Amino acid sequence: MILKLFVVMCGMILGHWLIDDFDSGLVKGKRVLVTGASTGIGEQLAYQYAEHGAHVVITARRENRLKEVIEECKTRGNKDQKFGYIVGDMLDIDSTENLIKNAVDKLGGLDVVVLNHILLNTLGFWEGSSHNFSSLERIMTVNFHSYVHLASHALPYVEKNNGSIVVVSSVAGKVGQMYVTGYSASKFALGGFFGGLRQELRMRNRDVSITLCTLGLIGTETAINALSNFGQDFILKAVGPASPRDTALAVMKGGALRVREVFYPESVYYQLLFRDWCPEILDYFIRWMTSMPE
Ligand SMILES: *[C@@H]1O[C@H](CO)[C@@H](O)[C@H](O)[C@H]1NC(C)=O
Ligand SMILES: *[C@@H]1O[C@H](CO)[C@@H](O)[C@H](O)[C@H]1NC(C)=O
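All values derive from a computational prediction rather than experimental measurement. (Residues numbered from 1 in each chain as written. Chains lettered and ligands numbered in written order. Predicted model: local features only at pLDDT ≥ 70, side-chain atom pairs only at ≥ 80, totals over all residues. Heavy atoms only, no water.)

Draft legend 1. Up close: the overall build of the chain. Summing up its helical and strand segments, the chain has 11 helices and seven strands in all. For 294 residues, the compact-globule estimate of 2.2 N^0.38 gives 19 Å, and the chain sits close to it at 19 Å. Each of the three principal axes of the chain carries a C-alpha extent, and together these read 50 × 50 × 35 Å. A buried classification covers 47% of the 294 residues belonging to the chain. Contacts in the chain between residues at least 24 apart in sequence constitute 75% of all its contacts with a sequence separation of at least 6. A total of about 14900 Å² of accessible surface is found on the chain, and carbon and sulfur atoms cover 55% of it. Looking at charge distribution, the chain has the averaged site of its 29 positive side-chain charges lying 5 Å from that of its 30 negative ones. (Helix = DSSP H or I, 4+ residues; strand = E, 2+ residues; numbered from the N terminus. Rg over C-alpha atoms; globule rule 2.2 N^0.38 Å. Buried < 20%, exposed > 50% of the residue type's maximum accessible area, 1.4 Å probe, protein only. Contact = heavy atoms within 4.5 Å. Areas by Shrake-Rupley, 256 points an atom, 1.4 Å probe, with all protein chains shown as cover. Lys, Arg positive; Asp, Glu negative; His and termini not counted. Charge placed at Lys NZ, Arg CZ, Asp CG, Glu CD.)

Okay, here's the thing in structure tokens:
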């Protein structure tokens, strides 16, 4: 037990030290696709990559928002950088192949793919209703299947440049969360799939890094509104959401340094130690912080 703790501590210190090794040369000139970039963490990711000298193509459903984000990228980057957008709905799995081709055309290749989009479901108990089942299907399509399809279509291009795939996930993908059972399931699925894929790439000597990002409560407008509309003001006050901009920076750095996993904010890492050693206590604590729906 003591030995384990020691090893974990060393790992964490080493992790910090590696993360501090970031320099923007790792991102400059890279050709990056960011999904779900019309708002929230994805939008901030676009800005971070733009500020650090990358060429960026973003995608989401709302064209007017994408245009605004690209305009902002242009002001933050310089005129040698390429910026573009592709309108796409990730419920349409058949569109993913073209989306990747389109991004490759715009950028002249692909080094980094940041998969970040999610389908936002309404919060609530799982009742086994037909509404619950149809919403689960949509969630799995957007939050899981489309990630697998996009990564698969991108891999041949990314492989040519020893590039990276960055998968944005959540603590809900490590610990089952109430009111978002479907979302939680889709995030667990990402961990399983991309963990397995990472191993296969290593076995076959393909130098593509896969970075899984386990994010805690991030103060995006969508997340804050969803929680406060669902009567979860206590958790918002108690946890203190992390800034989307800092989160995006941590995700970008993790991808650039080719780390296996990013935990942000760092408290997420400690929370996950409890998960493996005393899951009942962690569950109890989460229930204690969570209010019954109003
Ligand atoms: C499940 O269905 C019930 C009844 O339709 C609904 O009240 C609840 O919000 C749904 N839960 C989720 C997570 O969609
Ligand atoms: C990718 O990595 C392999 C070995 O890890 C190396 O032989 C190859 O030159 C690299 N390619 C590029 C484009 O960096």
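After that view of the structure, there is still more to cover.
Draft legend 2. Geometry of the site of ligand 2. Neighbouring ligand 2 are K160, N162 and D207. Taking N162, its side chain carries an N or O atom lying 2.4 Å from an oxygen atom of ligand 2. At 3.4 Å, a side-chain N or O of D207 approaches an oxygen atom of ligand 2. Taken by itself ligand 2 offers 360 Å² of open surface, and the protein chains cover 29% of this. (Near = heavy atom within 4 Å. Polar contact = N/O pair within 3.5 Å; in protein donor to acceptor, adjacent residues only side chain to side chain.)

Functional significance is not addressed by these values, which are geometric in nature.
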